[in-house]
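# Report on the structure
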Amino acid sequence: AQSVTQLGSHVSVSEGALVLLRCNYSSSVPPYLFWYVQYPNQGLQLLLKYTSAATLVKGINGFEAEFKKSETSFHLTKPSAHMRDAAEYFCAVGGYQKVTFGTGTKLQVIP
Amino acid sequence: EPEVTQTPSHQVTQMGQEVILRCVPISNHLYFYWYRQILGQKVEFLVSFYNNEISEKSEIFDDQFSVERPDGSNFTLKIRSTKLEDSAMYFCASSEERDTEAFFGQGTRLTVV
């Protein structure tokens, strides 16, 4: 069984501030972990993924995430938020044949 | 870059009608999936499909739903008799191997009236 918990359904940051979106996972097998972004009325875009290589994963748009097995976490960060980062972010865990998504975190960027 | 394409982008149907959502997965991919996202909620797994048969399905995927790969390129989701609660964004995805990255399409927004 696999599951994902995203802490905080809404996060607000000021433009230029650090973005931190939290994700904890549970998986009975070594996990593949993903972060997806969804802009309003659009589909899912993969930001980054962890597939058991480097624990610090760099993605698109300046985002990165660190896999911490001891904490079962895969938090998403970006050093400096831009207005265009305002979207909903989904953490997901994949194992055999299906991806399980978290409930999502809406990121608001305040000018 | 190869991508998963879904048609139509938006479909409106009357309650009780049958609807078919279409997807063209990435050409060398072998595993196909449907997911659903009800407005304001999380993305939920519906079904996975491999080698012309369902390999896993969720409790949401009841007898009203069916999937098919009618030819070498399309992958379809049929809802036999739509209900209001079927209104959602439906995402198709495909992956090359069983547990490699799934690539998602842009989704079909289904509205049942």
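Along the backbone of chain B there are zero helices and eleven strands. Reading chain B from its N terminus to its C terminus gives the helix and strand order β-β-β-β-β-β-β-β-β-β-β. A compact globule built from 113 residues should have a C-alpha radius of gyration of about 13 Å, and chain B, at 13 Å, falls within 12% of that. Reported as C-alpha extents along the three principal axes, the dimensions of chain B are approximately 35 × 30 × 25 Å. For chain B, buried positions account for 44% of its 113 residues. Counting 10 positive and 17 negative side-chain charges, chain B places the averaged centre of each group 6 Å from the other.

Turning our eyes to something else, we now look at the state of the cysteines. One way to say it: the disulfide is the covalent bond shared by the sulfur atoms of two cysteines. Evaluated as defined, the whole model comprises two disulfides over all chains. Through a disulfide, A:Cys23 is tied to A:Cys91; the S-S separation comes to 1.9 Å. Judged by the torsion about the S-S bond (-65°), the A:Cys23/A:Cys91 disulfide is left-handed. Taken together, the residues A:Cys23 in strand β3 (residues 19-27) and A:Cys91 in strand β9 (residues 87-94) connect sequence positions 68 residues apart. Like A:Cys23, the residue A:Cys91 is buried in the burial classification. Note on cysteine connectivity: B:Cys23 is disulfide-linked to B:Cys92, with sulfurs 2.0 Å apart. When the S-S torsion is -65°, as for the bridge of B:Cys23 with B:Cys92, the disulfide is left-handed. Of the two residues, B:Cys23 sits in strand β3 (residues 19-24) while B:Cys92 sits in strand β9 (residues 88-95), which places them 69 residues apart along the sequence. Considered together, B:Cys23 and B:Cys92 belong to a single accessibility category, that of buried residues.

The next subject is the interface of chain A and chain B. Contacts between the two partners involve 19 residues from chain A, matched on the other side by 20 residues from chain B. The contact between chain A and chain B buries some 1800 Å² in all, and 54% of this surface belongs to carbon and sulfur atoms. Taken together, chain A and chain B are joined by zero salt bridges. Viewed at the interface, chain B and chain A are joined by three residue pairs in polar contact (both at pLDDT 80 or more). For the side of chain A that touches chain B, the elements supplying multiple residues, two or more each, are β4 (32-38), β5 (45-50) and β10 (99-101) of chain A. With four residues, the top contributor of residues to the side of chain A that touches chain B is β4(A).

The subject of this paragraph is the sheet that holds strand β8 (residues 73-78) of chain A. Residues and elements named next belong to chain A. Reading across from one edge, β1-β3-β8-β7-β6 is the order of the five strands in this open sheet, with antiparallel pairing throughout. Both outer strands of the open sheet, β1 (2-7) and β6 (56-58), are each paired with one neighbouring strand and no more. Within the sheet, the average angular offset between the axes of one strand and its neighbour, ignoring direction, is 20°. Judged from the three bridges that link them, β6 and strand β7 (residues 64-68) form a sheet pairing that is antiparallel. By the bridge assignment, Lys 58 is partnered in β7 with Glu 64.

With 27 residues, the main nonpolar core has A:Trp35, A:Leu48, A:Phe74, A:Leu76 and A:Tyr89 as its most contacted residues. Looking at this core, the elements that each hand over two or more residues are β2 (10-14), β3, β4, β5, β7, β8, β9 and β11 (105-110) of chain A. Apart from the residues within four sequence positions on either side, A:Leu48 is in contact with A:Leu33, A:Phe34, A:Trp35, A:Val57, A:Lys58, A:Gly59, A:Phe63, A:Glu64, A:Ala65, A:Phe74 and A:Leu76. Within the second largest apolar cluster, 22 residues are counted, among which are B:Ile26, B:Phe61, B:Tyr90 and B:Cys92.

Right, let's talk about the sheet that holds β3(B) for a bit. Residue and element names in this part refer to chain B. The strand order β1-β3-β8-β7 describes an open sheet built from four strands, whose pairing is antiparallel. Edge strands, defined here as strands with exactly one partner in the open sheet, are β1 (5-7) and β7 (65-68). With direction set aside, neighbouring strand axes in the sheet form an average angle of 20°. Alignment of β7 against strand β8 (residues 75-79), held across four bridges, turns out to be antiparallel. Opposite Phe 65, over in β8, you have Ile 79 as the bridge partner.

In this section: the packing of aromatic side chains. Taken as a whole and judged by the stated rule, the model has 19 aromatic pairs over all chains. A centroid spacing of 4.1 Å and a plane angle of 15° characterise the contact between A:Tyr50 and A:Phe67, whose relative ring orientation is stacked. One end of the pair, A:Tyr50, is in strand β5; the other, A:Phe67, is in strand β7, and 17 residues separate them in sequence. Accessibility classification places A:Tyr50 together with A:Phe67 in one group, the buried group. Seen from their ring centres, A:Phe90 and A:Phe101 are 6.4 Å apart, and the 85° between their planes marks the pair as edge-to-face. Of this pair, A:Phe90 sits in strand β9 while A:Phe101 is found in strand β10, placing the two residues eleven residues apart along the sequence. The pair formed by A:Phe90 and A:Phe101 is uniform in burial state, with each residue classed as buried. Clustering of aromatic rings is evident, with ring pairs tying together A:Phe34, A:Tyr36, A:Phe90, A:Phe101, B:Tyr33, B:Tyr35, B:Phe45, B:Phe91 and B:Phe104.

Conventions we followed
- Residues numbered from 1 in each chain as written.
- Chains lettered and ligands numbered in written order.
- Predicted model: local features only at pLDDT ≥ 70, side-chain atom pairs only at ≥ 80, totals over all residues.
- Heavy atoms only, no water.
- Helix = DSSP H or I, 4+ residues; strand = E, 2+ residues; numbered from the N terminus.
- Rg over C-alpha atoms; globule rule 2.2 N^0.38 Å.
- Buried < 20%, exposed > 50% of the residue type's maximum accessible area, 1.4 Å probe, protein only.
- Lys, Arg positive; Asp, Glu negative; His and termini not counted.
- Charge placed at Lys NZ, Arg CZ, Asp CG, Glu CD.
- Disulfide = S-S within 2.5 Å.
- Contact = heavy atoms within 4.5 Å.
- Buried area = accessible area lost by both parts, 1.4 Å probe.
- Salt bridge = Lys/Arg side-chain N within 4 Å of Asp/Glu carboxyl O.
- Polar contact = N/O pair within 3.5 Å; in protein donor to acceptor, adjacent residues only side chain to side chain.
- Pairing = 2+ DSSP bridges.
- Axes fitted to C-alpha atoms, helices over the stretch in contact; angles between N-to-C directions.
- Core = buried A, V, L, I, M, F, W, Y, C linked by side-chain atoms within 4.5 Å.
- Phe/Tyr/Trp six-rings, centres within 6.5 Å; stacked < 30°, edge-to-face > 60°.

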